[in-house]
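# Residue-level structural notes
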Amino acid sequence: MKQLKVAILGQGRSGRDIHAATLQNLKDRFQIAAIVEPLEKRRERAKKEVGGVLYTDYRELFGKSDEIDLVINATPSYLHVPVTLDLLRNGFNVLCEKPFARTAEEVDSMITTAKENNKVLAVFQQSRFNAAYREIKRIIESGILGRIIQISEQYSGFNRRWDWQTLQECNAGSLYNTGPHPVDHLLQLLNYDGMPEVKCYMNRVNTFGDAEDYVKLIMTAPDRPVIDLEISCCNPYPKFQYSVQAQYGGLCGDDSHLDYKYYVRETAPEQHLTRVPIENADGTPAYCNEKLEWVEKSWNINDVTTSSDASYVPSAPRQEPAAAFYEMLYNHIVNNAPLEITPQQVRQQIAVMEECHRQNPMSRLS
């Protein structure tokens, strides 16, 4: 089996805890050949944990594109676009961390540059392989819930944050930090190629920076459900991470457990619109009331037999979607298999986020 040689830019929470950790478990397909990290302490740690050639600046890789099959851009968010463009122009295939960019125009620039240099450009949206999301998608597409009216996703809790990912100048804030995962989910479930109708409300609540830490995003499109996303740092009582309202029933749950139900249409009482007052048998006023037969089902992440996609049931939910993503990317680079998550798809996500920020201009720290 061909082993791809990889360089990882950055050894922070993403570069070390996700990318390096995942690739260490995929050594039959990937070899971490180089680590680029400007901080000496992190380089020393990487030398012990990962190995490979150590660099302080990604430009030290230039001229070595024949030795590196893939560069993972896990630099801070504000460097994603310029560093990715630089790498593509110097002959490297690039996997870029999220957020992919700040604007759709920046995405277009990266797509064009990748095509001009005949290089692979991919975006690390590993949550597309999240087992619960894939199960929700299967349930919706099966038709058992009927017409979908609203799909909600929530990433909420109560917390305060004071790192660089609270600063607008760093292309940060809750929508760019957390939003790429649920927005990707929801746009896929919306299944609309154009720009959806977007209404967004942002606020700063518990952040110590100048970017938002509360987001309420509503999207819809012709003949499509209402999409409701909440990312909040001021909700101490979050309820359902996922919720679906539909014609025949609905769904709720989180990454580890889903419940869904739908009524049996064949046994439902036949009803007709009436314009006269409804009465009980004794003539007293009545309200519309009927007994429906419900089918109730559940899905658990650790119960392989209940999953329609057992290969993606994670034993460690954070890592397994990442491994599935890398398997897909490996097959794309080595076997020319389709790239399941394309930059063009992520462009729609960035266009939505760009519109959200346009609707919610915020002052910046001086």
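Right above here is the structure, for reference.
Cut-offs used in this document
- Residues numbered from 1 in each chain as written.
- Predicted model: local features only at pLDDT ≥ 70, side-chain atom pairs only at ≥ 80, totals over all residues.
- Heavy atoms only, no water.
- Core = buried A, V, L, I, M, F, W, Y, C linked by side-chain atoms within 4.5 Å.
- Buried < 20%, exposed > 50% of the residue type's maximum accessible area, 1.4 Å probe, protein only.
- Helix = DSSP H or I, 4+ residues; strand = E, 2+ residues; numbered from the N terminus.
- Contact = heavy atoms within 4.5 Å.
- Axes fitted to C-alpha atoms, helices over the stretch in contact; angles between N-to-C directions.
- Parallel < 35°, antiparallel > 145°, perpendicular 65-115°, else oblique.
- Nonpolar A, V, L, I, M, F, W, Y, C, P; charged D, E, K, R; others polar.
- 1 Å grid on protein atoms, 1.4 Å probe; cavity = no way out; pocket = protein on both sides within 12 Å on 5 of 7 lines; lining within 4 Å.
- Points joined across faces, edges and corners; volume = space filled by probe spheres on them.
- Right-handed = clockwise from strand over helix to strand, strands pointing away.
- Pairing = 2+ DSSP bridges.
- Phe/Tyr/Trp six-rings, centres within 6.5 Å; stacked < 30°, edge-to-face > 60°.
- Lys NZ or Arg CZ within 6 Å of the ring centre and 35° of its normal.

## What about the nonpolar core?
L61, L95, F100 and L217 are the most contacted members of the largest nonpolar core, which has 96 residues in total. Per element, the largest residue contribution to this core is 8 residues, and it comes from helix α8 (residues 319-335). In this view, L61 contacts A7, L9, A34, V36, Y55, V71 and F92; residues no more than four positions away in its chain are not counted.

## Side note on the packing of helix α3 (residues 80-89) against helix α4 (residues 104-116)
Where α3 contacts α4, the two axes come as close as 9 Å, and the packing angle between them is 10 degrees. Between α3 and α4, the interaxial angle falls into the category roughly parallel. Packed against α3, whose contacting residues are V81, T84, L85, L88 and R89, the element α4 presents E106, S109, M110, T113 and A114 at the interface. Split by residue class, the contact of α3 with α4 holds 5 nonpolar, 3 polar and 2 charged.

## Some details on the layout of surface pockets
Sizing a probe to match a water molecule and rolling it over the atoms shows the empty space that remains. Each pocket or cavity is described by its volume, and for the largest pocket that value is around 1200 Å³. If you trace the largest pocket, you find 42 residues lining it, with R13, S14, I18, E97 and Q165 closest to the centre. Only α3 and α7 (180-190) provide two or more residues apiece to the lining of the largest pocket. Of the residues in the lining of the largest pocket, the class split is 16 nonpolar, 16 polar and 10 charged.

## Examining the pairing of strand β1 (residues 4-9)
Along β1, 5 of the 6 residues are buried, which leaves the element largely enclosed by surrounding structure. Read from β1 through helix α1 (residues 15-24) to strand β2 (residues 30-36), the crossover connection turns out right-handed. Pairing of β1 with strand β4 (residues 70-73) involves 4 bridges; the strand directions are parallel. Bridging from a neighbouring strand, L9 pairs with N73 of β4.

## Some words on unusual backbone geometry
Cis geometry marks the peptide bond from K98 to P99, where omega comes out at -5 degrees. Even without being a glycine, D223 presents a positive backbone phi close to 60 degrees. Mapping D223 onto the fold places it in the loop between β9 (214-220) and β10 (226-232). With relative accessibility at 79%, the residue D223 sits in the exposed group.

## What to know about the side chain of Q349
Here Q349 shows up in helix α9 (residues 343-359). Taking relative accessible area as the criterion, Q349 reaches 1% and is therefore assigned buried. Discounting chain neighbours no more than four positions away, the residues touching Q349 are Q125, P180, V183, D184 and L187.

## Quick word on α7
Taken across its 11 residues, α7 has 10 buried, putting it largely inside the fold. All of the buried residues in α7 are P180, H181, P182, V183, D184, H185, L186, L187, L189 and L190.

## Regarding the sheet that holds strand β7 (residues 148-156)
Strand order in the open sheet made by the 8 strands is β8-β9-β10-β7-β11-β12-β13-β14, with mixed pairing throughout. Single-partner strands in this sheet number two, and they are β8 (197-203) and β14 (294-300). Going from strand to strand, the sheet's axes swing by 10 degrees on average, the running direction of each strand aside. Sheet topology places strand β12 (residues 249-253) next to strand β13 (residues 257-263); 5 bridges connect them, and they run antiparallel. Paired with C252 across the strands is D259, a residue of β13. Its contacts with the sheet place α9 against β8 and β9, and it is angled at close to 55 degrees to β8.

## Structural notes on the packing of aromatic side chains
For the structure on display, the rule yields 11 aromatic pairs. Between the aromatic rings of Y58 and F62, the centroid separation amounts to 5.8 Å while the plane-to-plane angle is 75 degrees, which identifies the pairing as edge-to-face. The exposure class assigned to Y58 is buried, which follows from its relative accessible area of 13%. Look at F124 and F325: their rings are 5.1 Å apart centre to centre, the planes differ by 80 degrees, and that puts the pair in the edge-to-face class. With F124 in the loop between β6 (121-123) and α5 (131-142) and F325 in helix α8, this residue pair connects regions lying 201 residues apart in the sequence. Grouping residues by exposure puts F124 and F325 together as buried. The rings of F30, F124, F129, F325, Y326 and Y330 are connected pair by pair, giving a single aromatic cluster. Over the aromatic face of Y330 sits the side chain of R29, whose NZ or CZ is 5.8 Å from the ring centroid. For the cation-ring pair, R265 lies above Y248, with the distance from its terminal atom to the ring centre recorded as 4.1 Å.

## Regarding empty space enclosed by the protein
Following the criterion strictly, the structure yields 3 cavities of 30 Å³ or more and no others. Put simply, the largest cavity is a space of about 60 Å³. Around the largest cavity, the lining residues are Y133, I136, I151, S152, E153, H185, L186, L189, Y242, S243 and V244. Here the residues of the lining of the largest cavity sort into 7 nonpolar, 3 polar and 1 charged.

All we've got here are geometric facts, nothing functional implied.
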